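Examining the three-dimensional arrangement
Chain residues, written in single-letter form:
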Amino acid sequence: MSGPRTAAARCATAGAACVLVCAGAGSAGADDNGMADKSAQAIAQASREAMNGLTSVRMVGKVTDTSGTTALDLRFDEQGNCVGTVTPPGNAGTADIVKRGDDVWMKLDEDLLRSQVPGPAADDAIALINGRYLHGTTDSAMLSDFADVCDLGFFKKEFSAKSPGEQLTKGSETTVDGQPAITVTSRSAAGTGVFQVSTEDEPYLLKLQGSEKSGQRVAATFSDFDEPVTAKPPAPADSVDLSELR
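Values in this document were obtained by computation on a predicted structure and should not be read as measured data. (Residues numbered from 1 in each chain as written. Predicted model: local features only at pLDDT ≥ 70, side-chain atom pairs only at ≥ 80, totals over all residues. Heavy atoms only, no water.)

Going through the model one piece at a time under the given rule, you end up with 1 disulfide. Across a sulfur-sulfur distance of 1.6 Å, Cys-82 and Cys-150 are joined as a disulfide pair. In this structure the cystine formed by Cys-82 and Cys-150 twists about its S-S bond by roughly -95°; its chirality is therefore left-handed. Of this pair, Cys-82 sits in strand β3 (residues 82-87) while Cys-150 sits in the loop between α5 (144-149) and α6 (152-160), and the two are 68 residues apart along the sequence. A relative accessible area of 0% means that Cys-82 is categorised as buried. Classification of Cys-150 by relative accessible area gives buried; the value is 0%. (Disulfide = S-S within 2.5 Å. Helix = DSSP H or I, 4+ residues; strand = E, 2+ residues; numbered from the N terminus. Buried < 20%, exposed > 50% of the residue type's maximum accessible area, 1.4 Å probe, protein only.)

As structure tokens, then:
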């Protein structure tokens, strides 16, 4: 089950790079899905299938590496819509994200702009942007990496991936934000991951914690399964095209 760990890491990392210019609906009436009685391999396969059938999901995560910790909170769907926030290492501000189809808007707050633009040029950038979103397309060199990971299709592909020699071990029952789950641990040459899979209704992945041999650490939770994602772009007056900054 290494795929979702990789997806979360790439999502956060790509989101941070772009700044430089991935609980369900409650437990009432929920049914036991039998996951707690299955083998680790069966749980992993059922979870892969359930996640691959999603039309949308919310991912809240943190990725820590040598550059620090990147935090993200993203909602994305199979139509290519995506909304959320990315906070790069150092907590020096936040970027708000809206993606709709091939168009991407990013709004960097003043603290983040000052952390990314050196010296007096920061004042010029702040004055030019004037609180607006930066607008570009998925073809933009600045936004292409983000466009790949702020996409449910990309996430599904990564989730389906298996590391060579992966060994799965079934763990204890637990809860994630009050929702019952079963734990599965994955070990491979690439690293270790701990996954919590829902034992009610669909066997969705609710939480993961992973560490790579490189030292990178990932933690993420998943919720709002199949909930609509409203990616409302800002008004034209509230955005500035990236081409104007060159």
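On we go from here.
A separate point is the packing of aromatic side chains. The tally for this structure, following the rule as stated, stands at 3 aromatic pairs. Consider the rings of Phe-76 and Phe-155, whose centres lie 6.3 Å apart with planes at 65°: the pair is edge-to-face. You can see Phe-76 sitting in strand β2 (residues 68-77) and its partner Phe-155 sitting in helix α6, a full 79 residues away along the chain. Note on Phe-76: relative accessible area 0%, which makes it buried. Through a chain of ring-to-ring contacts, the aromatic side chains of Phe-76, Phe-155 and Phe-222 assemble into a single cluster. (Phe/Tyr/Trp six-rings, centres within 6.5 Å; stacked < 30°, edge-to-face > 60°.)

For the rest of this paragraph, the subject is a negative patch on the surface. Residues Asp-31, Asp-32, Asp-37, Glu-78, Glu-173, Asp-201, Glu-202, Asp-226 and Glu-227 make up a contiguous surface patch of negative charge. By secondary structure assignment, the location of Glu-78 is in the loop between β2 and β3. By relative accessible area, Glu-78 is classed as partly exposed at 46%. (Patch = residues over 30% accessible without salt bridge, like charges linked within 9 Å, V, L, I, M, F, W, Y side chains within 5 Å. Areas by Shrake-Rupley, 256 points an atom, 1.4 Å probe, with all protein chains shown as cover. Salt bridge = Lys/Arg side-chain N within 4 Å of Asp/Glu carboxyl O. Lys, Arg positive; Asp, Glu negative; His and termini not counted. Charge placed at Lys NZ, Arg CZ, Asp CG, Glu CD.)

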